[in-house]
Amino acid sequence: ARASEPKKQVMRAGHTVIRLADARRLVQMGSLQKLRLPKLERAVVPMLAELGKLKELDLELGAPGEIEPLAQLANLERVTLRGAGVHDARILARCPQLTELNLHNCSIEDASLIPFVLSLRSITLEYLPLPTIEAITDCVQLQKLRMAGLKLPIVEWVTRLSHLRDLSIVYPEGEVRLPFA
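In this report, the structure presented in the accompanying data block is examined. (Residues numbered from 1 in each chain as written. Predicted model: local features only at pLDDT ≥ 70, side-chain atom pairs only at ≥ 80, totals over all residues. Heavy atoms only, no water.)

Let's talk about the overall build of the chain
Thought 1: The secondary structure content of the chain amounts to 2 helices and 8 strands.
Thought 2: Starting at the N terminus, the α and β elements of the chain follow one another as β-α-β-α-β-β-β-β-β-β.
Thought 3: Out of the 181 residues belonging to the chain, those deemed buried represent 42%.
Thought 4: Partitioning the intrachain contacts of the chain with sequence separation of at least 6 by distance along the chain shows that 17% fall at a separation of at least 24.
Thought 5: Accessible surface computed for the chain: about 9900 Å², of which carbon and sulfur atoms make up 49%. (Helix = DSSP H or I, 4+ residues; strand = E, 2+ residues; numbered from the N terminus. Buried < 20%, exposed > 50% of the residue type's maximum accessible area, 1.4 Å probe, protein only. Contact = heavy atoms within 4.5 Å. Areas by Shrake-Rupley, 256 points an atom, 1.4 Å probe, with all protein chains shown as cover.)

Considering the pattern of salt bridges
Thought 1: Under the definition given, this model contains 8 salt bridges.
Thought 2: Notably, a salt bridge pairs Lys34 with Glu56, separated by 3.8 Å at the nearest N-O pair. Here Glu56 lies in strand β3 (residues 56–60) and Lys34 lies in strand β2 (residues 32–37), a separation of 22 residues in the sequence.
Thought 3: Among the residues examined, Lys34 registers a relative accessible area of 26% and is labelled partly exposed.
Thought 4: A salt bridge links Arg36 to Asp58; the shortest N-O distance between them is 3.2 Å. Placement of the pair is Arg36 in strand β2 and Asp58 in strand β3, with a sequence separation of 22 residues. (Salt bridge = Lys/Arg side-chain N within 4 Å of Asp/Glu carboxyl O.)

Regarding the side chain of Asp58
Thought 1: With a relative accessible area of 12%, Asp58 lands in the buried category.
Thought 2: Reaching out from Asp58, the side chain makes a polar contact with the side chain of Arg36 at a distance of 3.2 Å.
Thought 3: Filtering out sequence-adjacent residues up to four positions away, Asp58 remains in contact with Leu35, Arg36, Leu37, Thr80 and Arg82. (Polar contact = N/O pair within 3.5 Å; in protein donor to acceptor, adjacent residues only side chain to side chain.)

Topic: the nonpolar core
Thought 1: Counting 55 residues, the largest nonpolar core has Leu70, Leu81, Leu92, Leu103, Ile133 and Ile136 as its most contacted members.
Thought 2: Where this core is concerned, the elements lending two or more residues are α1 (20–26), β2, α2 (45–48), β3, β4 (78–82), β5 (100–104), β6 (122–126) and β7 (144–148).
Thought 3: Apart from the residues within four sequence positions on either side, Leu81 is in contact with Leu59, Ile67, Leu70, Val86, Ala89, Leu92, Asn102, Leu103, His104 and Cys106. (Core = buried A, V, L, I, M, F, W, Y, C linked by side-chain atoms within 4.5 Å.)

Looking at the environment of Ala23
Thought 1: Secondary-structure assignment places Ala23 in helix α1.
Thought 2: Residue Ala23 is classed as buried on the basis of its relative accessible area, which comes to 2%.
Thought 3: Separated by 22 residues in the primary sequence, Ala23 and Val45 place their C-alpha atoms 8.9 Å from one another.

Everything listed is a geometric property; what it means functionally is a separate question.
Okay, structure coming up:
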């Protein structure tokens, strides 16, 4: 970091569940820019909306929960969502600064529930039960695409991602496919 730049505050939680009482203290840290919460009580998510300076967020939701309060985080640039508790990520389309989206082991079963917004430059999709992701071609600024464990053929839509610079495709273990079906 340059001497003139203020040091970014980063908060990480270990392998314990973040409980409501802890979250109340956490949201008082209004200057946080990066936050990673690997195990989160569902009731904590609405409190995260109070972290207005947050730019990077990494959450794990084990139980089904709404992520709607995250739409209030106007400065959010990078989001990572993990866990079976994530069923719908469309609300993130309301984050105007969003450039990076990472979805890991989520229960999203339909690509229409993923916010393939124009501003996205990097997308990682890992182990999602999706039949197709052709809607990703709406991401005209997409430069980096990582896919792992998706049981879908990679078809000609990949070639329509004209700004793509970095592509990684890892199929489920034991499965070998040609890059284009």
